[in-house]
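Residue strings, one per chain:
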Amino acid sequence: MKLLTKYLSREIYFSVALVFAALLMLFALLDLISQLNEMGRGDYSLGYMLLYVVLILPGHVYELFPVAVLIGTIFALVQMAANSELTVYRASGVSLKQLIFALLRIGAPLLVLCLLFGEVVAPYSEQLAQQTKLKAQKAQVNLREFRSGVWVKDEGSFVNIRNVLPDTSLLNVSIYQFDENYRLVSVTAAKRATFLKARLWRLEDIQRTNFAGQGASAESLPDMEWHTALNPNLLNVLLVLPEQMSALDLYQYTQHLADNKQSTARYDIALWNKLVYPFAVLVMMLLALPFSSYQRREGGIGGKIFVGVVLGLSYHFAGRLFANLGALNEWPAALSATAMTWIFLGLALAMLWRTERR
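Note that residues are indexed from 1 along each chain, following the sequence as it is written. Predicted model: local features are reported for residues with pLDDT of at least 70 only, side-chain atom pairs are reported and counted for 80 or more only, and whole-chain, interface and lining totals are derived from all residues. Hydrogens and water molecules were not included; the side-chain quantities draw on all heavy atoms of the structure.

Caption draft 1: A look at the layout of surface pockets. Space inside the largest pocket adds up to approximately 740 Å³. Strands here are runs of E lasting at least two residues and helices are runs of H or I lasting at least four, both read from the DSSP assignment and numbered beginning at the N terminus. Examining the composition of the lining of the largest pocket, we find that 9 residues originate from one element, helix H9 (residues 300-329), more than from any other. By the convention adopted, Pro, Cys, Tyr, Trp, Phe, Met, Ile, Leu, Val and Ala count as nonpolar, Lys, Arg, Asp and Glu as charged, and the other residues, Gly among them, as polar. When the residues that make up the lining of the largest pocket are grouped by side-chain class, the tally is 17 nonpolar, 10 polar and 6 charged. Here a cavity denotes grid points, spaced 1 Å and computed from the protein atoms alone, that fit a 1.4 Å probe unable to get out, and a pocket denotes an open set having protein on both sides within 12 Å along at least 5 of 7 lines; residues with an atom within 4 Å of a point are the lining. Grid points are joined across faces, edges and corners, and a volume is the space filled by probe spheres set on the points.

Caption draft 2: Seen up close, the pairing of strand E6 (residues 200-212). When strand E5 (residues 184-197) meets E6, the two strands line up antiparallel, connected through 10 bridges. Paired with Val187 across the strands is Thr209, a residue of E6. Counting the residues between successive antiparallel strands, the hairpin from E5 to E6 contains 2 residues, one of them, Arg199, with a positive phi of roughly 65 degrees. In short, DSSP must find at least two bridges between two strands for them to pair. Between E6 and strand E7 (residues 215-227), which follow one another and run antiparallel, lie 2 residues, and Gly213 among them has a positive phi close to 60 degrees.

Caption draft 3: Molecular detail of the environment of Val112. As for its placement among the helices and strands, Val112 is situated in helix H4 (residues 96-136). It is 52 Å that separates the C-alpha atoms of Val112 and Gln207, two residues lying 95 residues apart in sequence.

Caption draft 4: Inspection of unusual backbone geometry at higher detail. For Tyr182, which is not glycine, the phi dihedral falls at a positive 65 degrees. A positive phi is found at Glu330, a non-glycine position, where the angle reads about 55 degrees. In this structure, Glu330 sits in the loop between H9 and helix H10 (333-357). Residue Glu330 is classed as exposed on the basis of its relative accessible area of 68%. Each residue's exposure class comes from its accessible area (1.4 Å probe, protein chains only) as a fraction of the maximum for that residue type: buried when under 20%, exposed when over 50%, partly exposed otherwise.

Caption draft 5: Expanded view of the side chain of Lys133. Within the element layout of this structure, Lys133 appears in helix H4. A polar contact of 3.2 Å, which involves the side chain of Lys133, links it to the side chain of Gln35. A distance of 3.1 Å separates a polar atom in the side chain of Lys133 from a polar atom in the side chain of Glu38. By definition in these notes, contact holds between two residues if any of their heavy atoms fall within 4.5 Å. Apart from the residues within four sequence positions on either side, Lys133 is in contact with Gln35, Glu38, Tyr44 and Tyr52. What qualifies as a polar contact is a pair of N or O atoms within 3.5 Å, subject to a donor-acceptor requirement within protein and to the restriction that residues adjacent in sequence count only when both atoms come from side chains.

Caption draft 6: Focus on the packing of helix H2 (residues 46-82) against H4. The geometry of H2 relative to H4 is characterised by a closest axis approach of 8 Å and an angle of 160 degrees between their N-to-C directions. Comparing the axis directions of H2 and H4 gives the class roughly antiparallel. Regarding H2 and H4, the two cross each other, and that crossing is left-handed. Grouping the amino acids of the contact of H2 with H4 by side-chain chemistry returns 20 nonpolar, 6 polar and 2 charged. All axes here are fitted lines through C-alpha atoms, helices being fitted over the stretch that makes contact, and every angle between N-to-C directions spans 0 to 180 degrees. Angle categories: roughly parallel below 35 degrees, roughly antiparallel above 145, roughly perpendicular from 65 to 115, and oblique for all the rest. Crossing handedness: left-handed means the near helix sits turned counterclockwise from the far one by under a right angle, and right-handed means the same turn made clockwise.

Caption draft 7: Highlighting the pattern of salt bridges. Salt bridge, as used here: a side-chain nitrogen of Lys or Arg that lies within 4 Å of a carboxyl oxygen of Asp or Glu. Summed over all chains, the structure comprises 5 salt bridges. Between Arg320 and Glu63 there is a salt bridge, with its nearest N and O atoms 3.4 Å apart. Residue Arg320 is found in helix H9, and its partner Glu63 is found in helix H2; the two are separated by 257 residues along the sequence. For Arg202, the salt bridge is made with Glu204, and the minimal N-O distance between the two is 3.2 Å.

Caption draft 8: Layout of the environment of Arg41. Of note, Arg41 is situated in the loop between helix H1 (2-35) and H2. Relative accessible area serves as the criterion here: at 45%, Arg41 is assigned to the partly exposed category. Placed 30 residues apart in sequence, Arg41 and Ile71 show a C-alpha to C-alpha distance of 39 Å. Sequence-distant contacts of Arg41, that is, excluding residues within four places in its chain, are made with Ala136 and Gln137.

Caption draft 9: Looking closely at H10. For H10, spanning 25 residues, the distance from its first C-alpha to its last is 37 Å, which sits close to the expected 36 Å at 1.5 Å a residue. To get the bend at any residue, fit one axis to the seven residues that end at it and another to the seven that begin at it, then take the angle between the two axes. A maximum bend of about 50 degrees is found in H10 at Ala339. When we look at burial in H10, the residues that qualify are Ala333, Ser336, Ala337, Thr338, Ala339, Met340, Thr341, Phe344, Ala348 and Leu352. One less than the residue count of a helix, multiplied by 1.5 Å, gives the span that helix is expected to have.

Caption draft 10: Broad picture of the packing of H1 against H2. Running from N to C, H1 and H2 cross one another at 145 degrees; their axes reach a closest spacing of 5 Å. The two elements H1 and H2 cross, and the hand of that crossing is right-handed. Partitioned by chemical class, the residues of the contact of H1 with H2 number 27 nonpolar, 5 polar and 2 charged.

Caption draft 11: Looking closely at the packing of aromatic side chains. In this analysis, rings of Phe, Tyr and Trp, with Trp reduced to its six-membered ring, are considered paired at centre separations within 6.5 Å, and the interplanar angle assigns stacked below 30 degrees, edge-to-face beyond 60, and tilted for intermediate values. In the structure shown here, the tally under the stated rule is 7 aromatic pairs. Both rings, one in Tyr62 and one in Tyr277, keep their centres 5.0 Å apart while their planes meet at 50 degrees; by these two values the pair is tilted. Separated by 215 residues along the polypeptide, Tyr62 in helix H2 and Tyr277 in the loop between helix H7 (265-276) and helix H8 (280-288) bring together distant segments of the chain. One exposure class covers both Tyr62 and Tyr277, and it is buried. A ring has a charge above it when a Lys NZ or an Arg CZ is no more than 6 Å from the ring centre and no more than 35 degrees off the ring normal. If you follow Lys133 out to its NZ or CZ, it ends over the ring of Tyr52, 4.9 Å from the centre.

Structure follows, in structure tokens:
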């Protein structure tokens, strides 16, 4: 059995690597084409475009992991079945249960690699890609959750942020401070805010209006300290989509939203998806196993690989659809994020049962 597992792992890893190479070249080409219309903005030249495309590739690796594993495993198993190698193994006494456990052992390193890309490599490279692009274009992020920018509740105040620079410095910040009775105490408008240390920013070029009793007073200040729970890590969500953040960052930002009684639906779904998505690698390997029953009348190698491609892409896009529908309709986050994984697991088990009965 150890010999079978070693041989299977070599064939599967090689096939998965080939599929990854093909998919990543395709996605890199599409990304490069999509960036052509931004060429020439500031210093955004071809060199920066290529660097940007390379930096977002880890995100594609993470997203395509289950798809590549499914197609690669199908290709390896069908090739072995076509050469009667699997038939020999089954005839020598290897049961379906043993094959399943062999595939799960082979899939374990792939699961860890998927987790590594999702939690460490992809979030960092995605953030670096966006910052590099913005610096090259000499641009700033225009926040468009509302026409007036992004609103953040921070303890006893509401903060409006219009723009954020690649170094997470803020531009056009307005702070509306309320007392415990929800009466407006002051409005502070700053042209720029710079992070100093935890819970401390420096505001610059300030216009401040204070409300007391029946009157109001205005003052101008060159700079002042701003004590707030906001930090660059929380603001990085403005540069990176929730689906491309690490589970730790998602958890911290979700806690921040919950503490301020704001909607967390989209981030809860993204967090659940981060926790479950790596296990889809094992599900896809189980789903690939029934394809090893090679029969030419069922379409041969090409037909089965095509079915594998369709199944993989269906999982990828249907999973996104469920997540978006869940966020819109406020479905339970666990259901929205894991529904497709459970469906495909059920499909894999049903196909294995059917194959064994035959």
